[in-house]
Amino acid sequence: MKSSIMQGARIISIGSAVPDLCINNTEISQIVETSDEWIVNRTGIKERRILNGINQSVVDLAYSASMEALNKAKMHPLEIDLIILATSSPNDLFGSASQIQAKIGAYKAVAFDITAACSGFVLAIVTASQFIQNGSYKNILIIGADVLSKWIDWSDRKTCILFGDGAGAAIMQACHKKDNAILGFQLNTDGTKSNQLSITYKENTDSHNTLKLFQGKFQYLSMNGQEVYKFAVSKVPASIKKCLNAIQLSAKDVNWLLLHQANQRILNAVAQRLSIDNCKIISNLSKYGNTSAASIPLALDEALKSNKIIKEDIIVISGFGAGLTWGTVVIKWKC
Ligand code: COA
């Protein structure tokens, strides 16, 4: 990291939340033509959690994850300076971070959303670290939360098998420069391929008013699975290599590879291209599917709860997905 930073940044606590309703592959095969065997072989996913119940939203999951992170850090919500919510499934297009601010009582915090799909949590870590390292803020709550079950066509077997709902939150805090834990990052966007994975707004073709004003609706999630797969296994290793090179580290220095939890085959292929042993891959997608912006903090929280990660471990975190967006942040675990 450049020596121009005013103060270091580190993650001091993590929390996560998933809905109670668990739907396994056999249950999905009751609504679309598929099987547990096909889904497990092609993706590694066995079950996923789905939000159900009227009036439940992404904000409820984000709230639970945030409160867990705050409690673990023994921090009062009024100590939070900034809240960044990474989500692509808000319950208000104007942003949902402000609802979380009110719900947790973090009335002194500025709050805004980041929309960067499955790369959202990586973008949130990097954005928060900039605000901390340049001396603007001390305590930042970052959240990755998505409920893509609301945006999926449950009759499309190519997509409905993949996704689940969840939320993860982290408290990032300023520290002495020498304890800085956000070692480096590398971010990318390729908007020319945005149509490979999207939830698009479509206008109605007819207008019934004299001013000829058109209105429309958002469509279901659509995805070119093969293209997204190829994109992930080629671009993500390149991003990781660039990021490690820039901070004079190599794949050998990596203790944990924490990728967006999209598909076990993608996780294995990326590790293989980097010559990183499979035992260093953090994976929990068999239980949750692809939870978009939530997947990285959810997996990080589980890895910490099971005491996998220890102090001074180097963790390579990469997100990738719609946009297309992809990127890497390398952290040294300090807690
Ligand atoms: N159950 C059974 N058969 C299925 C199926 C399902 N759920 N979904 C697709 N199929 C069928 C297809 O219809 C096709 O049949 P055909 O050969 O008779 O036409 C066959 O399986 C192969 O389909 P294909 O789309 O080529 O499968 P795939 O090996 O590429 O696997 C994905 C599909 C979606 C699992 C895979 O492309 C993938 O994981 N892509 C990345 C997606 C991703 O991670 N997106 C999120 C990124 S953030």
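To keep things clear, this report deals only with the structure shown in the data block. Since this is a predicted model, take the numbers as computed values, not measurements.

Within the largest apolar cluster, 43 residues are counted, with the highest numbers of intra-cluster contacts made by I240, L257, F320 and V330. Counting only elements with at least two residues in this core, the list comes to α7 (225–246), β13 (256–259), α8 (264–273), β14 (314–321) and β15 (325–332). Ranked by residue count, the leading element in this core is α7, at eight residues. Both domain 1 (8–179) and domain 2 (182–198 + 220–332) contribute no fewer than three residues apiece to this core. With residues up to four places along the chain from it excluded, the contact list for V330 reads A181, I182, L183, G184, C243, L244, I247, L249, I314, I315 and V316. Listed in part, the 36 residues of the second largest apolar core include I84, I282, A303 and V329.

Given 3.6 residues to a turn, an α-helix orients residues that are three or four positions apart in the same direction. Compared with an ideal rise of 1.5 Å per residue, which puts 15 residues at 21 Å, helix α3 (residues 58–72) spans 21 Å between its outermost C-alpha atoms and is within 8% of the ideal. Along α3, the residues that are buried comprise V58, V59, L61, A62, A65, S66, A69 and L70. With its buried residues spanning 165° around the axis, α3 presents them on a single face. On its buried face, α3 sits against β1 (8–17), α4 (97–104), β6 (139–147) and β7 (165–175).

Thresholds applied
Residues numbered from 1 in each chain as written. Predicted model: local features only at pLDDT ≥ 70, side-chain atom pairs only at ≥ 80, totals over all residues. Heavy atoms only, no water. Core = buried A, V, L, I, M, F, W, Y, C linked by side-chain atoms within 4.5 Å. Buried < 20%, exposed > 50% of the residue type's maximum accessible area, 1.4 Å probe, protein only. Helix = DSSP H or I, 4+ residues; strand = E, 2+ residues; numbered from the N terminus. Domains from an automatic or database assignment. Contact = heavy atoms within 4.5 Å. Expected span 1.5 Å × (residues − 1). Arc of directions from axis to C-beta.

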